[in-house]
Amino acid sequence: MVEVFDVAVIGMGVGGEEVAGRAADAGLEVLAVERKLVGGECPYWGCIPSKMMLRAALSLAEADRVGTLAGAARTTPSWRPVSERVREATAGWDDTAAVERHEDKGTSFVRGAARVTSHNSLEVDGRRYETRRAIVIAAGGEPSIPPIDGLPDIDYWTNREAIEATQIPRSLLVFGGGPIGVELAQVYNRFGASVTLIEMAPHILPLEEPENGQALAEVLQDQGITVVSGVGAKSVAQGGDGIQATLEDGQTVSAQKLLVATGRRSNLDALGVASIGLDADALTIEVDEHLRAAEGVWAVGDITGKGQFTHVAVYQGRIAAADILGDEHEPADYRAVPRVTFTDPEVASVGLSQAQAHEQGLDVAIGTAPTSSSARGWIHGPGAAKGVAKLIADRKSGVLVGGSVMGPAAGEVIGLVTLAVKQGIPVAALKELIYPYPTFVRGLEDALGELG
C-alpha cells in the first residue's frame with residue numbers, strides 16, 4: 001500500500017521544520033521523515049549546547065579578568081554543571097517534545113532513512129510514499145572525516161562527542177581551525193584541558209579576513225592553546241596514554257583525546273537523487289532562487305551549499321514553503337549572509353571578503369580600524385585588544401559589499417553591516433549616522449573614515 005501526502009519533508013532539522021510547519025499550518029497533509037532527532041544539529045549538538053558551553057567558559061574568563069580591572073577573584077572550573085545544563089537543554093538528546101509539536105499540527109512523522117525514488121515518490125526503510133505537491137530534501141549533513149592514515153582505527157571525537165562529554169580530558173588535540181574547532185578548543189582549554197589546535201590553511205578561521213584569523217590565533221595562544229597552522233596531519237596512532245599525530249612537516253603532537261572538526265558533508269547518493277536527474281556524486285544540491293532542485297522537488301539547508309547556518313536554513317525554508325504554497329515571495333538572496341564565531345572575542349562577517357571582491361574583479365576601497373583603538377575597546381581591556389573592523393566598499397556603486405568585525409559582541413555589531421550590504425546603503429549615508437559613544441559599533445565609524 002502506498003500512502004499519499006501533499007508534501008514530504010526529508011530531514012527535520014530547522015530548515016525542514018520550517019517547511020513542514022508552514023505547510024501544515026496551511027492545511028496541507030505533511031509527511032515528515034527524520035532518521036535522527038527532530039530539530040537537527042542546532043538544538044542538540046550545535047548552536048544551543050555549544051553556546052551554553054561557551055557562555056560558561058566566558059564566565060570563567062571574565063572572573064579572571066577581575067584581577068586586572070577591579071581587584072582579585074578566584075574561580076575553580078567545574079564541568080559538571082555545564083554538562084548537566086547541556087543535558088537539560090537537549091532533554092538528554094530526546095526529541096519527543098519536538099515530534100509532538102509537529103504531530104499536534106496534523107503532520108505524520110516517520111523515523112527512518114528516506115530515499116527519493118522519483119519526482120513524486122520516496123521510500124523510508126522499505127515503506128513507499130507519494131506526494132501530490134512536493135518533496136523537500138532537508139537532510140543536512142554529517143561530520144566530514146578526512147582521509148588521514150590511521151584515523152579509522154582511533155577512538156576520536158566529533159563535535160557531537162565533545163558536546164556530550166561528561167568529563168574534561170587532560171589534553172585535547174583538535175584537527176580543524178574553523179568555527180567549531182576554535183570554539184570547542186577555547187571551551188576545553190578554559191575548563192582545564194591542555195589543547196593543541198591544528199589547521200592546514202595558512203591561518204585559523206580560513207574563511208575570515210587574515211587579520212582576524214591571525215589575531216584570534218594570538219588570543220588563543222595567549223590563553224595557553226598551542227596553535228599550529230599551515231600544516232595538516234599525516235597520520236595518527238593510538239598510544240598507551242592517548243593519541244599521537246604526525247604532521248606533514250614531520251613534527252609530532254599527542255593528547256589524551258582527539259577532536260576532528262574538519263567540516264561537514266552530505267551523502268546525496270544515499271538520498272537517491274540520481275532518480276530525479278541530480279548528480280549523486282556532487283557535494284551539494286544545486287537550487288534556484290526559489291529553492292527548486294528538480295520538478296516537484298525542493299531543497300533547503302546545509303545540503304544546498306549556501307551556508308551551514310541555522311539562519312540560512314530557516315530563511316530557505318520560508319521561501320520554499322511559500323513557493324510550494326503558491327504564495328508571493330522574494331527570491332533567495334545570499335549577498336548578505338552573516339556568520340559569527342562565538343569565541344572570546346567573537347569574530348563576525350558578512351558579504352564578500354577582500355579576497356573574494358578582488359576575485360570578482362571589483363574595484364574596492366578598504367577601511368580598517370583596530371578594535372583596541374575604540375574607546376569601548378580600551379575601556380573593556382583584556383579580551384578586546386586584538387582584531388579589527390574591516391569594511392569592503394565597491395568604489396563604482398559607493399556601497400559596502402562586505403565587512404568583518406572582531407571583538408566582544410561582534411555578532412551584534414555585524415548586524416549594521418548586514419543591513420548596509422543587503423539594502424545597498426551608500427557609504428556616504430553610513431558616515432552621516434550618529435553612532436552612540438562609547439560602543440563597539442563606533443569601530444565601524446572609524447573604519448568608514450578609512451574608506452576615504
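Look above for the structure.
The text that follows walks through the structure, step by step, so that each part is easy to find.

Focus on the pattern of salt bridges
Part 1 of the argument: Taken as a whole and judged by the stated rule, the model has 23 salt bridges.
Part 2 of the argument: Of the charged contacts in the structure, one is a salt bridge between E84 and R80, with a shortest N-O distance of 2.9 Å. Pair noted here: E84 and R80 are both in helix α4 (residues 79–89), with a separation of 4 residues, about one helical turn.
Part 3 of the argument: Using a relative accessible area of 43% as the deciding quantity, one classes E84 as partly exposed.
Part 4 of the argument: What makes R80 exposed here is its relative accessible area of 60%.
Part 5 of the argument: Between D333 and K422 there is a salt bridge, and its shortest N-O distance comes to 3.1 Å. You can see D333 sitting in the loop between α9 (310–325) and β18 (339–341) and its partner K422 sitting in helix α12 (residues 410–423), a full 89 residues away along the chain.
Part 6 of the argument: Assessed through its relative accessible area of 21%, D333 is described here as partly exposed.
Part 7 of the argument: The network of salt bridges with shared partners includes R35, K36, E41, E142, R160 and R264.

Focus: the environment of L352
Part 1 of the argument: Counting through the fold element by element, L352 comes out in the loop between β19 (346–351) and α10 (354–359).
Part 2 of the argument: Counting along the chain gives 19 residues from L352 to D333, while the straight-line C-alpha distance between them is 14 Å.

A look at the state of the cysteines
Part 1 of the argument: Overall, the coordinates contain 1 disulfide when judged by the stated rule.
Part 2 of the argument: Each disulfide pairs two cysteine sulfurs, and for C42 the partner residue is C47, the sulfurs being separated by 2.4 Å. Given an S-S torsion of about -130 degrees, the disulfide between C42 and C47 has left-handed geometry.
Part 3 of the argument: Look at C42 and you get buried, because its relative accessible area is 13%.

Describing empty space enclosed by the protein
Part 1 of the argument: Taken as a whole and assessed by the stated rule, the structure comprises 4 cavities of 30 Å³ or more.
Part 2 of the argument: Here the largest cavity is characterised by a volume of approximately 90 Å³.
Part 3 of the argument: Taken together, T371, S374, A389, V405, M406, G407, P408, A410, V413, F440, G443 and L444 make up the full set of residues lining the largest cavity.
Part 4 of the argument: Put simply, the parts of the chain that give the lining of the largest cavity at least two residues each are β22 (399–407), α12 and α14 (442–449).
Part 5 of the argument: Looking at which element gives the most residues to the lining of the largest cavity, the answer is β22, with 3 residues.
Part 6 of the argument: Classifying every residue of the lining of the largest cavity by side-chain character gives 8 nonpolar, 4 polar and no charged.
Part 7 of the argument: One number sums up the size of the second largest cavity: a volume of about 60 Å³.
Part 8 of the argument: Around the second largest cavity, the lining residues are L391, L400, L416, V417, A420, L430, Y435, L444 and L448.
Part 9 of the argument: Secondary structure elements with two or more residues in the lining of the second largest cavity: α12 and α14.
Part 10 of the argument: No other element matches the 3 residues that α12 contributes to the lining of the second largest cavity.
Part 11 of the argument: Counted by class, the lining of the second largest cavity contains 9 nonpolar, no polar and no charged residues.

Quick notes on the sheet that holds strand β9 (residues 194–199)
Part 1 of the argument: With parallel pairing, 4 strands are arranged side by side in an open sheet as β10-β9-β8-β14. Strands with a single pairing partner mark the edges of an open sheet, and in this sheet they are β10 (226–229) and β14 (257–260). The sheet shows a mean angle of 15 degrees between the axes of neighbouring strands, direction not considered.
Part 2 of the argument: Summarising the sheet, β9 and β10 pair through 4 bridges and their orientation is parallel. Within β10, the position partnered with E199 by the bridge is S229.
Part 3 of the argument: Strands β8 (171–175), β9 and β14 of the sheet are contacted by helix α7 (residues 179–190), whose axis makes an angle of about 165 degrees with β9.

As for the side chain of E142
Part 1 of the argument: Relative to the helices and strands, E142 resides in strand β7 (residues 142–143).
Part 2 of the argument: By relative accessible area, which is 18% here, E142 ends up buried.
Part 3 of the argument: One polar contact links E142 to R160, side chain to side chain, over a distance of 3.2 Å.
Part 4 of the argument: Residues contacting E142, with those up to four places away along its chain left out, are R35, K36, R160, G263, R264 and R265.

Definitions and cut-offs
- Starting from 1, residues in each chain are numbered consecutively following that chain's sequence as written.
- A pLDDT threshold of at least 70 governs which residues receive local features in this predicted model, and a stricter bar of 80 or more applies before side-chain atom pairs are shown or counted, although totals over entire chains, interfaces and linings include all residues.
- Hydrogen atoms and water are omitted, and side-chain values are computed over all heavy atoms in the structure.
- We define a salt bridge as a contact between a side-chain nitrogen of Lys or Arg and a carboxyl oxygen of Asp or Glu at a distance within 4 Å.
- Working definition: helices are DSSP H or I runs of at least four residues, strands are E runs of at least two. Numbering for both runs from the N terminus.
- The buried label applies to any residue whose accessible area, calculated with a 1.4 Å probe on protein chains only, is under 20% of its type's maximum; exposed applies above 50%, and partly exposed to all values in between.
- Note that a disulfide, as used here, is simply two cysteine sulfur atoms within 2.5 Å.
- Space inside and on the surface of the protein is sampled on a 1 Å grid over the protein atoms alone, with a cavity defined as a set of points where a 1.4 Å probe fits but cannot get out and a pocket as an open set with protein on both sides within 12 Å along at least 5 of 7 lines; lining residues have an atom within 4 Å of a point.
- Grid points are joined across faces, edges and corners, and a volume is the space filled by probe spheres set on the points.
- Three classes are used: nonpolar for Ala, Val, Leu, Ile, Met, Phe, Trp, Tyr, Cys and Pro, charged for Asp, Glu, Lys and Arg, and polar for all others, with Gly counted as polar.
- Pairing between two strands is assigned when DSSP locates at least 2 bridges connecting them.
- Axis angles are defined between N-to-C directions and span 0 to 180 degrees, where every axis is a line fitted to C-alpha atoms and, for a helix, only to the segment in contact.
- Whether two residues touch is decided by their heavy atoms; if any such pair falls within 4.5 Å, the residues are in contact.
- N or O atoms closer than or at 3.5 Å make up a polar contact, with two conditions inside protein: a donor-capable atom paired with an acceptor-capable one, and, for residues adjacent in sequence, both atoms drawn from side chains.

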